[in-house]
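Observations on chain architecture
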Amino acid sequence: HSESDFGIGIIFAPDAKVLNNTIYSPGSWPYSIEARFSETTNCLIMNNLADEDIWGDRDEASSTLTSNVTDASKDNFADADSGDLHLSDSSAIAVDQGTASEDVSADIDCQSRPVGDLPDVGADEKCVPVAGTGDLDGDCTVTIGDAILAIQVVVGQEADVSKDEDMNSDGR
């Protein structure tokens, strides 16, 4: 929107927490996150990945900014041009760069975080599949899809389980 000045606004919101968001929309607004007005106090803005600055004290607001990255580029994402903002292999600015928080235990895909020593900055926790864990489709979770893939391999069928396939029609 041409008249907007932020992606996420914290307006008249005491004690608000803005944690582990990914805001990427080059040139759309001057600030990715903005805390505004004196009633907005004691806010925490942490572990956000963005392509624009964060303004934590506009018009007498008060907030703490921790472990945010505000210089993300499209190379940090799997396919930013098509809207896939999962972290890419070129996302060192975000991987294991966050601050631990009891408030955030899973990422945008409901995968547990952290995967490494520290949480990743942004909405996605970079998945690094570990051999021998049963995660055969490389999505960092062991699911029924991995079991089906194993059976297909054992019986000599073509392995065609997609990590995006809804195996049990539960909408996940």
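Preceding this section is the structure that the text describes.
Residues numbered from 1 in each chain as written. Predicted model: local features only at pLDDT ≥ 70, side-chain atom pairs only at ≥ 80, totals over all residues. Heavy atoms only, no water.

Quick look at the overall build of the protein
When its secondary structure is counted, the protein shows 1 helix and 10 strands. When the helices and strands of the protein are read in sequence order from the N terminus, they spell out β-β-β-β-β-β-β-β-β-β-α. Across the 172 residues of the protein, 33% fall into the buried class. Within the protein, contacts between residues at least 6 apart in sequence are counted, and of these 44% link residues at least 24 apart. (Helix = DSSP H or I, 4+ residues; strand = E, 2+ residues; numbered from the N terminus. Buried < 20%, exposed > 50% of the residue type's maximum accessible area, 1.4 Å probe, protein only. Contact = heavy atoms within 4.5 Å.)

Side note on the sheet that holds strand S2 (residues 17-19)
Ordered in space as S2-S5-S8, the 3 strands form an open sheet in which the pairing is parallel. If you trace the sheet from one side to the other, it starts and ends with S2 and strand S8 (63-66), each paired once. Neighbour-to-neighbour, the strand axes of the sheet open up by a mean angle of 10°, direction not taken into account. (Pairing = 2+ DSSP bridges. Axes fitted to C-alpha atoms, helices over the stretch in contact; angles between N-to-C directions.)

Looking at the nonpolar core
Within the largest apolar cluster, 13 residues are counted, with the highest numbers of intra-cluster contacts made by Ile10, Ala16, Ile23, Ile33, Ala35 and Ile45. In this structure Ala16 touches Ile10, Asn42, Cys43 and Leu44, once residues within four positions along its chain are discounted. Grouped together as the second largest cluster of nonpolar side chains are 8 residues, Val69, Phe77, Ala80 and Leu87 included. (Core = buried A, V, L, I, M, F, W, Y, C linked by side-chain atoms within 4.5 Å.)

Overview of the environment of Ala50
When you line up the elements, Ala50 lands in strand S6 (residues 49-50). With 22 residues separating them in the primary sequence, Ala50 and Ala72 have C-alpha atoms 5.6 Å apart.

Re the environment of Ala78
Here Ala78 lies in strand S9 (residues 77-79). Linking Ala78 and Ser90, residues 12 residues apart in sequence, is a C-alpha distance of 9.0 Å.

Looking at unusual backbone geometry
Note that the residue after Arg113, namely Pro114, is joined by a cis bond; omega there is 0°. Inspection of the secondary structure assignment puts Pro114 in the loop between strand S10 (84-87) and helix H1 (144-154). The residue Asn47 is not glycine, and still its phi comes out positive at about 60°. One can find Asn47 in the loop between strand S5 (43-46) and S6. With relative accessibility at 1%, the residue Asn47 sits in the buried group. Even without a glycine there, the phi angle at Asp59 is positive, about 50°.

What about a nonpolar patch on the surface?
A contiguous nonpolar surface patch, about 330 Å² in accessible area, is contributed by Ile151, Val154 and Val155. When you line up the elements, Val155 lands in the segment after H1. Residue Val155 is classed as exposed on the basis of its relative accessible area of 55%. (Patch = residues over 30% accessible without salt bridge, like charges linked within 9 Å, V, L, I, M, F, W, Y side chains within 5 Å. Areas by Shrake-Rupley, 256 points an atom, 1.4 Å probe, with all protein chains shown as cover. Salt bridge = Lys/Arg side-chain N within 4 Å of Asp/Glu carboxyl O.)

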